Amino acid sequence: AQSVTQLGSHVSVSEGALVLLRCNYSSSVPPYLFWYVQYPNQGLQLLLKYTSAATLVKGINGFEAEFKKSETSFHLTKPSAHMRDAAEYFCAVSVEYTGNQFYFGTGTSLTVIP
Amino acid sequence: DAGVTQSPTHLIKTRGQQVTLRCSPKSGHDTVSWYQQALGQGPQFIFQYYEEEERQRGNFPDRFSGHQFPNYSSELNVNALLLGDSALYLCASSLQLQETQYFGPGTRLLVL
């Protein structure tokens, strides 16, 4: 079975500071991994994805994530936070043999302090 | 390029009623998945449709049913609504069961 754990339901950073959102996954087979962002009262927007190519993945809005198999992690980072980054972030895992259904974490709410 | 669209945006129902939510996939996509997102939680997978058949199903009761039409659009039906069914219902589309899914804005259902 697949699962995702997001450590820290709330993260606060100052504008311009490093953003680090943590995601650990569990999967018995090689996974696909995703980060989505959700702004208030909106759907999910794809930030980036890992699909077994390069382990360091670059996404939109300056975000990137690194797949570390030995640590079963896929942490999301951004060097310098901007006010517009304040949102809910979800990590998700899927595997091909289950039709790529997503298993989501419980989300991390990012607050950016001016 | 039209993204995933869902209707209605908001809906209020009472316990015991039935509801139908609709989804049109992103242009060129043929696979539709439905998710339930309760307040403060991550989305939970309900089911997935491809070639007009239910391919995968999550841990949801039979009160939740769906359909996919030949134009790839989809409906989610929920019967005998419970207060706990209040949530944001998200539709996601992909191409041929591939891994990358694109989400619509959701339908917010409130059951009173």
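Our subject in this report is the structure included herewith. Sequence order as written defines the numbering, with residues in each chain counted from 1. Each chain gets a letter, beginning with A, and each ligand a number, beginning with 1, in the order they are written. In view of the model being predicted, local features appear only for residues whose pLDDT reaches at least 70, and side-chain atom pairs are presented and counted only at 80 or more, with totals across whole chains, interfaces and linings using the full set of residues. Only heavy atoms go into the side-chain values, all of them from the structure, while hydrogens and water stay out.

**Describing the interface of chain A and chain B**
Alright, step 1. At the junction of the two partners, chain A supplies 22 residues and chain B supplies 21 residues.
Alright, step 2. Two parts lose some accessible area (1.4 Å probe) when they are put together, and adding that loss for both gives the buried area. Contact with chain B buries surface across chain A, with Leu44, Gln101 and Phe102 of chain A losing the most and accounting together for 27% of the total.
Alright, step 3. Put simply, a salt bridge is a Lys or Arg side-chain nitrogen that is within 4 Å of an Asp or Glu carboxyl oxygen. Put simply, chain A and chain B have zero salt bridges between them.
Alright, step 4. Nitrogen and oxygen atoms within 3.5 Å of one another constitute a polar contact, given that in protein one can donate a hydrogen and the other can accept it, and given that sequence-neighbouring residues count only through two side-chain atoms. Linking chain A with chain B are five residue pairs in polar contact (both at pLDDT 80 or more), by the criterion used here.
Alright, step 5. Secondary structure elements follow DSSP: runs of H or I no shorter than four residues count as helices, runs of E no shorter than two count as strands, and numbering proceeds from the N terminus. Where the side of chain A that touches chain B is concerned, the elements lending two or more residues are strand E5 (32-38), strand E6 (44-50) and strand E10 (87-94) of chain A.
Alright, step 6. Of the residues contributing to the side of chain A that touches chain B, the split by class is nine nonpolar, 12 polar and one charged. In what follows, residue pairs with any heavy atoms lying within 4.5 Å of each other are defined as contacts. Nonpolar residues are Ala, Val, Leu, Ile, Met, Phe, Trp, Tyr, Cys and Pro. Charged residues are Asp, Glu, Lys and Arg, and all others, Gly as well, are polar.

**Points about the packing of aromatic side chains**
Alright, step 1. Pairing of aromatic rings covers Phe, Tyr and Trp, the last through its six-membered ring, and needs centres within 6.5 Å; plane angles under 30 degrees mean stacked, over 60 mean edge-to-face, and all others mean tilted. Scanning all chains against the criterion turns up 19 aromatic pairs over all chains.
Alright, step 2. Each ring, one from Tyr36 of chain A and one from Phe103 of chain B, has its centre 5.2 Å from the other, and the planes form 80°; the classification is edge-to-face. Taken together, the residues span two chains, with Tyr36 of chain A in strand E5 and Phe103 of chain B in strand E10 (residues 102-103). Assigned by exposure class, Tyr36 of chain A and Phe103 of chain B land together as buried.
Alright, step 3. Taking NZ or CZ as reference, Lys26 of chain B lies 5.3 Å from the ring centre of Tyr102 of chain B, over its face. Accessibility here uses a 1.4 Å probe with only protein chains present; expressed as a share of the type maximum, an area under 20% marks a residue as buried, one over 50% as exposed, and anything in between as partly exposed. Here, a charge over a ring is recorded when the distance from Lys NZ or Arg CZ to the ring centre is within 6 Å and its angle to the ring normal is within 35 degrees.

**Here we look at a nonpolar patch on the surface**
All names here are of chain B.
Alright, step 1. Together, Ile12, Leu110 and Leu112 make up a nonpolar patch on the protein surface, roughly 300 Å² of accessible area in all.
Alright, step 2. Among the secondary structure elements, Ile12 is positioned in strand E2 (residues 10-13).
Alright, step 3. Taking the relative accessible area as the measure of exposure, Ile12 reaches 57% and is therefore exposed. What goes into a patch is any residue over 30% in relative accessible area without a salt bridge, connected to like charges within 9 Å or, for nonpolar side chains (Val, Leu, Ile, Met, Phe, Trp, Tyr), within 5 Å. The method behind every accessible area is Shrake-Rupley, applied with a 1.4 Å probe, and residues are considered shielded solely by the protein chains displayed.

So yeah, pure geometry; function would need other evidence.
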